[in-house]
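Inside the fold
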Amino acid sequence: MGPAKEDFRQAMGRFATGVTVITTRLGEDLHGMTANAVTSLSLDPLLVLVCVDKTADTHDILAKAGVFAINILNKDQSEISDRFAKKEFDGAHGLEDLSHTFAVTGAPIIDGSLAYLDCRTVTEHHGGDHTIFIGEVLEAKELSDAEPLVFYRAKYGRFSA
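Just so it is clear, the model here is predicted, and its values are computed rather than measured.

To continue, consider the sheet that holds strand β9 (residues 115-127). Strand order in this open sheet of seven strands is β3-β2-β6-β9-β10-β5-β4, and the pairing throughout is antiparallel. A strand with exactly one partner marks an edge of an open sheet, and here the two such strands are β3 (29-35) and β4 (38-43). Each strand axis lies, on average, 35° off the axis of its neighbour in the sheet, ignoring direction. Summarising the sheet, strand β2 (residues 20-26) and β3 pair through seven bridges and their orientation is antiparallel. Bridging across to β3, Thr20 finds its partner in Ala35. Each of β2 and β3 touches helix α3 (residues 78-85); the most contacted strand, β3, lies at about 105° to it.

As structure tokens, this is what we get:
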């Protein structure tokens, strides 16, 4: 028997992460979700991964769309992170009223992001209550030198180099 879920969450909360919003497009529908379970995977080929809760409304949309962008948020975008972190779908996960452009795959890029990675899903793996989406990076761009939005112990923070 392993640790309790709360002990696991508390321990993992000590691991500071950057904050991203994963965006995707399915037809004309634009969708996003906050994620910090994101990492680079390979340089040859260029691969990244993102872990998505199977009960999240974004999960099935992302699986069907086959493309996604990782938008790396800046220190002033905590409200955007909060908006896309909501579990319930009440229209908040749409991007219609949020300033954005589009990457090569058609996935939305949120204005003000520090950088983005535009990806085509190449495979999915099941990991407990999450799916690990692996994406081939088709475009990667740094957009700003602003400070990143950081998440630590269930709170936003700042990191400056």
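That shown, we press on.
Turning to the environment of Gly128, a few remarks are in order. Structurally, the position occupied by Gly128 is in the loop between β9 and β10 (130-142). On the basis of relative accessible area, Gly128 is assigned to the exposed category, the value being 64%. Along the backbone, Gly128 and Asp53 are 75 residues apart, and their C-alpha atoms lie at a distance of 9.1 Å.

With that out of the way, let us pick up α3. Note: α-helices contain 3.6 residues per turn, so residues at a spacing of three or four share the same orientation. Residues Ile80, Ser81, Arg83 and Phe84 constitute the buried set of α3. Viewed end-on, α3 has its buried residues packed into an arc of 160°, placing them on one side of the element. At its buried positions, α3 is contacted by β2, β3, β8 (108-110), β11 (149-152) and β12 (155-158).

Leaving glycine aside, a negative phi is the common case for residues, and trans is the common case for peptide bonds. With an omega of 0°, the peptide bond between Asp44 and Pro45 qualifies as cis. Its place among the elements puts Pro45 in the loop between β4 and β5 (46-53). Phi at Arg153 takes a positive value of approximately 55°, unusual for a residue other than glycine. Among the residues examined, Arg153 registers a relative accessible area of 48% and is labelled partly exposed. Backbone geometry places Ala154, a non-glycine residue, at a positive phi of 65°. Inspection of the secondary structure assignment puts Ala154 in the loop between β11 and β12.

Conventions used here
- Position numbers for residues start from 1 in each chain and track the written sequence from start to end.
- Given that the model is predicted, a residue must reach a pLDDT of at least 70 before its local features are reported, and side-chain atom pairs must reach 80 or more before they are shown or counted; all residues, however, enter totals for whole chains, interfaces and linings.
- Think of the side-chain values as coming from all heavy atoms in the structure, minus any hydrogens and water.
- In this scheme, strands are said to pair when DSSP sees at least two bridges between them.
- Starting at the N terminus, helices and strands are each numbered in turn, a helix being any DSSP run of H or I of at least four residues and a strand any DSSP run of E of at least two.
- Note on geometry: axes are lines fitted to C-alpha atoms, helical ones only across the stretch in contact, with angles between N-to-C directions running from 0 to 180 degrees.
- The contact definition used throughout considers only heavy atoms, calling two residues in contact when any of these lie within 4.5 Å.
- When a residue's accessible area, from a 1.4 Å probe over protein chains only, is under 20% of the maximum for its type it is buried; when over 50% it is exposed; and in between it is partly exposed.
- The arc refers to the directions leading from the helix axis to the C-beta atoms.

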